[in-house]
Amino acid sequence: MSNINKALFLDRDGVVNIDHGYVYESDKFEFVPGVFTACKAFADAGYKLIIVTNQSGIGRGYYSEADFHALTQWMIAQFAAHQVKVTDVYFCPHHPKKALPEYLKECDCRKPAPGMLLQGIADHHINPACSIMVGDKLSDMQAASKAVIGTRVLVRSGQEFDAIAIDSADHVCDSLADLPSILL
């Protein structure tokens with residue numbers, strides 16, 4: 001089967017939810033205002049929604065993979081309650097320098113490496129040229145570039161970016177909520 005689908009790839013912390021640092025409990029998970037409306041607009045336009053998230057908190061021992069999966073199931077249910085289907089969620093628990101031994105490694109999944117994006121492209125028959133990556137860090141834009149994602153969007157999420165990060169993106173906006181008016 002050829003790559004016939006398009007995807008909206010989303011980083012999680014800072015894009016889907018406000019980044020409070022190593023969030024793994026639903027009562028501390030705060031969605032970015034407008035995220036459901038924005039994601040529904042893209043889903044209605046035929047995009048598959050795929051979340052790709054570095055989760056070094058697992059590797060650092062701050063929370064477990066089971067904690068992450070429980071939060072992910074809760075998050076997907078919140079999207080479903082707003083009539084938005086999350087196609088898949090990919091995560092990287094590794095860190096090259098600060099992690100427990102089983103997670104301490106250079107890998108091809110931790111952004112800026114493109115592994116999670118490439119896995120999503122393969123698993124869901126995604127045409128990367130027709131797809132969008134939304135992130136809040138230079139590493140998100142670098143991963144998207146390496147995976148040849150057609151459109152790269154940097155959301156400010158209250159952060160300041162240097163010229164390198166801004167130049168790596170096709171669009172810069174305040175939050176995911178602004179995206180439908182820019183790209184749809």
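Keep in mind that what you see is a predicted model, and the values were worked out from it rather than measured. (Residues numbered from 1 in each chain as written. Predicted model: local features only at pLDDT ≥ 70, side-chain atom pairs only at ≥ 80, totals over all residues. Heavy atoms only, no water.)

A. The arrangement of the sheet that holds strand E4 (residues 132–135) in detail. One open sheet accounts for six strands, arranged E3-E2-E1-E4-E5-E6; its pairing is parallel. Of all strands in the sheet, those bounded by a partner on one side alone are strand E3 (86–92) and strand E6 (171–173). Neighbour-to-neighbour, the strand axes of the sheet open up by a mean angle of 20 degrees, direction not taken into account. As judged from the four bridges shared by E4 and strand E5 (residues 151–155), these two strands associate in the parallel manner. If you follow Ile132 over to E5, its bridge partner there is Thr151. Packing against the sheet, helix H5 (residues 138–146) makes contact with E4 and E5, and its axis sits at approximately 165 degrees to E4. (Pairing = 2+ DSSP bridges. Helix = DSSP H or I, 4+ residues; strand = E, 2+ residues; numbered from the N terminus. Axes fitted to C-alpha atoms, helices over the stretch in contact; angles between N-to-C directions. Contact = heavy atoms within 4.5 Å.)

B. Focus on helix H4 (residues 115–123). Taken as a whole, H4 has its buried residues at Gly115, Met116, Leu117, Gly120 and Ile121. Buried residues in H4 make contact with strand E1 (6–10), strand E2 (47–54), E3, E4 and H5. Immediately downstream of H4, the backbone of His125 shows phi near 55 degrees, a positive value. (Buried < 20%, exposed > 50% of the residue type's maximum accessible area, 1.4 Å probe, protein only.)

C. Up close: the packing of aromatic side chains. The final tally for this structure, using the stated rule, is ten aromatic pairs. Judged by centre distance (4.9 Å) and plane angle (70 degrees), the ring pair of Phe29 and Phe31 falls under edge-to-face. Using a relative accessible area of 7% as the deciding quantity, one classes Phe29 as buried. For Phe31, a relative accessible area of 17% corresponds to the buried category. Aromatic rings pair up to connect Phe29, Phe31, Phe36, Trp74 and Phe79 into one cluster. (Phe/Tyr/Trp six-rings, centres within 6.5 Å; stacked < 30°, edge-to-face > 60°.)

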